[in-house]
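Reading the structure
Residue strings, one per chain:
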Amino acid sequence: MSKIVDGLLYSESHEWVRIDGNIAIIGVSDFAQAEMGDITYVDMPSEGDELTKGEDFGALESVKASSELYAPVSGKVVACNKQVEDSPELINEDPYGSWIIKVEMSDSSELDSLLDSVSYEKIAA
Amino acid sequence: MTDDLKQTCLHNSHIELGAKMSPFAGFDMPIQYSGIIDEHNSVRNEVGVFDVSHMGEIFISGPDALKFVNHIFTNDVSVLQEGGILYGMMCYPDGGVVDDLLVYREFEADHFLLVVNASNIDKDYLWIREHSDGFNVVIDNQSDRWGQIAVQGPESEQTVVDLLGIEEVRDLSFYTFLDAEDEEGGRVIVSRTGYTGEDGFEIYASNANIEAMWRELVGDGVKPCGLGCRDTLRFEAGLPLYGDELSEEISPLMAGLGMFCKLDKEEFIGKEALETQKVCGVQKKLVGIELDDNAIPRAGYPVELEDGRQVGVVTTGYHSISLDRSLCFALVDSSFAALGTVLFVRIRKRVFGGKVIKKRFYQTNYKK
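So, here's what we can say about the structure.

Basis of the calculations
Residues numbered from 1 in each chain as written. Chains lettered and ligands numbered in written order. Predicted model: local features only at pLDDT ≥ 70, side-chain atom pairs only at ≥ 80, totals over all residues. Heavy atoms only, no water. Helix = DSSP H or I, 4+ residues; strand = E, 2+ residues; numbered from the N terminus. Rg over C-alpha atoms; globule rule 2.2 N^0.38 Å. Buried < 20%, exposed > 50% of the residue type's maximum accessible area, 1.4 Å probe, protein only. Contact = heavy atoms within 4.5 Å. Areas by Shrake-Rupley, 256 points an atom, 1.4 Å probe, with all protein chains shown as cover. Pairing = 2+ DSSP bridges.

**Focus on the overall build of chain A**
The helix and strand tally for chain A stands at 4 helices and 9 strands. On C-alpha atoms alone, chain A measures out to a radius of gyration of 13 Å, which is about the 14 Å that the 2.2 N^0.38 rule sets for 125 residues. Overall, the C-alpha framework of chain A stretches about 35 × 30 × 20 Å when taken along its three principal axes. Across the 125 residues in chain A, those meeting the buried criterion constitute 50%. The contacts in chain A between residues at least 6 apart in sequence include a share of 64% that link residues at least 24 apart. Of the roughly 5700 Å² of accessible surface on chain A, a fraction of 43% belongs to carbon and sulfur atoms.

**Thoughts on the pairing of strand 2 (residues 15-20) of chain A**
As a general feature of sheets, a regular strand has side chains that alternate between the two faces. All names here are of chain A. Strand direction decides the pairing type here: strand 1 (residues 9-10) and strand 2, joined by 2 bridges, are antiparallel. For Tyr 10, the partnering residue across the bridge sits in strand 2 and is Trp 16. Taking the residues between adjacent antiparallel strands as the criterion, strand 1 and strand 2 are bridged by 4 residues, where His 14 takes a positive phi near 75°. Both strand 2 and strand 3 (residues 23-28) contribute to a ladder of 6 bridges, which runs antiparallel. Bridged to Ile 19 within strand 3 is Ala 24.

**Examining the side chain of Arg 192 of chain B**
All names here are of chain B. Looking at the secondary structure, you find Arg 192 in the loop between strand 11 (187-191) and strand 12 (200-206). The exposure class assigned to Arg 192 is buried, which follows from its relative accessible area of 0%. Among all residues touching Arg 192, those that are not within four sequence positions of it are Glu 157, Val 169, Arg 170, Leu 172, Ser 173, Phe 174, Tyr 175, Thr 176, Asp 199, Gly 200, Phe 201 and Lys 367.

Shown next as C-alpha cells:
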C-alpha cells in the first residue's frame, strides 16, 4: 500500500502539488516512485521555462526505464531542486519531502481539476 | 494476455518472494525482488541466483551430430572436448543471426546440447529441423522438461559446494561442465558459464529438482536476482542480447563477434556472406559509447554527429551501476566506429556528447 499524504493535490499521472500562495511545489507520489524502482536520474527543466498543464516538463529515469513528468499546472518554473538532481535516490527515500520544481502558477483555477488525497487513493491503490 | 504467458517451475516462489513480475519471451518472469541495484551489487560483490528456466534446451545426437552442429553453428565444435562448451551463433545464409547459443559437447559420443534464447526456442527448433535433411541425427527439444538456475558472483563456487553439495565444481574451468545425478537418478548438468561478467555456474535439472535447489539457496540467504539486473550485468560485461545487439539484421561481424565465427571451417550456413563481410567490411558496427553527462541513453535513441546528422541508434543503455557512468551500445555507420570518435546521443529534447570506447565496460572476473 503506497503512502498518500493529506492536504496535497495529485494528478492522475502521479505528481503531487503543495500550494504555497501562488507557488505550486511539485513532486511525485510514493506510488510513482515505487512503480519506477531505483531512480537514478532526474531530467530537470530550466528555471524560467514556461510549463503548460498536461505537457511533459522533464523525466525521471530508473535503472530500467524513463518516465515523463507532466505539469499538473501551467506557469513559470521558479526553482529546481538541486539536491534531488544530485541525489535522485532521495525521491525513493522520501517522495513527499523531495520536491522537484516550484512553479509560479498562471491560472490557479487549474488546481480544481486535480485530485485530493481521497480521490487519488482510488487510482494509486 | 497474462493467460497466454508460460510459467517457469519457480513461479510460485517468485510470487512468495514478492517479485515484480513482467512478461519476457512469452514467460511471466521476475524483473526484480529487492531492487535492481541491490541485486546487481550482490552479484558483483557476493553471490546471487537467477531463474533462467525459460532458456531452451535442444539435444542433438546421432552419427552425423558433429557434422550437423558444425553445419548450423558458426563456431567449430570439432575442436571441442567432451565436457567443453562453445559460444556462437546460428546464421541465415545472408549472415543475419537466427540466435546466439551455447553448444555443450556431452560425455557420450555424438551427443550435443544446444542452449538457446527463450524468445527463439520455437524458431530455432524449426530452423534446426529444416536444415537437417541428409544428416543422420535426432533432434529433441526438451525445453519444457528442464529447469535452470544461474548462481553468479565471486562467492558462487563456495555457494554451490556448501549449499548444493556439488564439490566437483571446484575443478571446473570456464566454459566446461559436469554431469551429476539427483537423488532419483535424474540428470543434473552444471557448467561454469554465465551472463554477468562474474564467475558463476548454470545448473540444469528437472523442474522439480531445480525448484528444490532454488529453495535451498534462497532459504539459506542467497539473494534472488531478476531479469532486470541480469540485463545490467551482461551489459556492463559487454555481452550481447539477441534482439538488441544481434538479430536478423545485425550479423556477428557487425556486433564485433567475429572471433566466434570460424571462417576456416569447411562450411556452415552463412559462411559465404560472413566471408564477404569480412573482406569488404560491414556498413554498420556495434560500439560502446560513454556519455559526458548522467543522462541515460535508451534503446532506440538516435546517435548523431555534432552537426545533427544521424549515424546510428542506441541498442542498450544504462547509467552503469558498477561504473557510475552513462554508457550504451549503439549500432553506428562503420566510419564512426573507431575508438575515441566523438558522437552525440539525442535524449528527449537535448543532445549529449560522448565518445566511442570498448564495449567491455566492466573488467570481467571469470575463472580461467
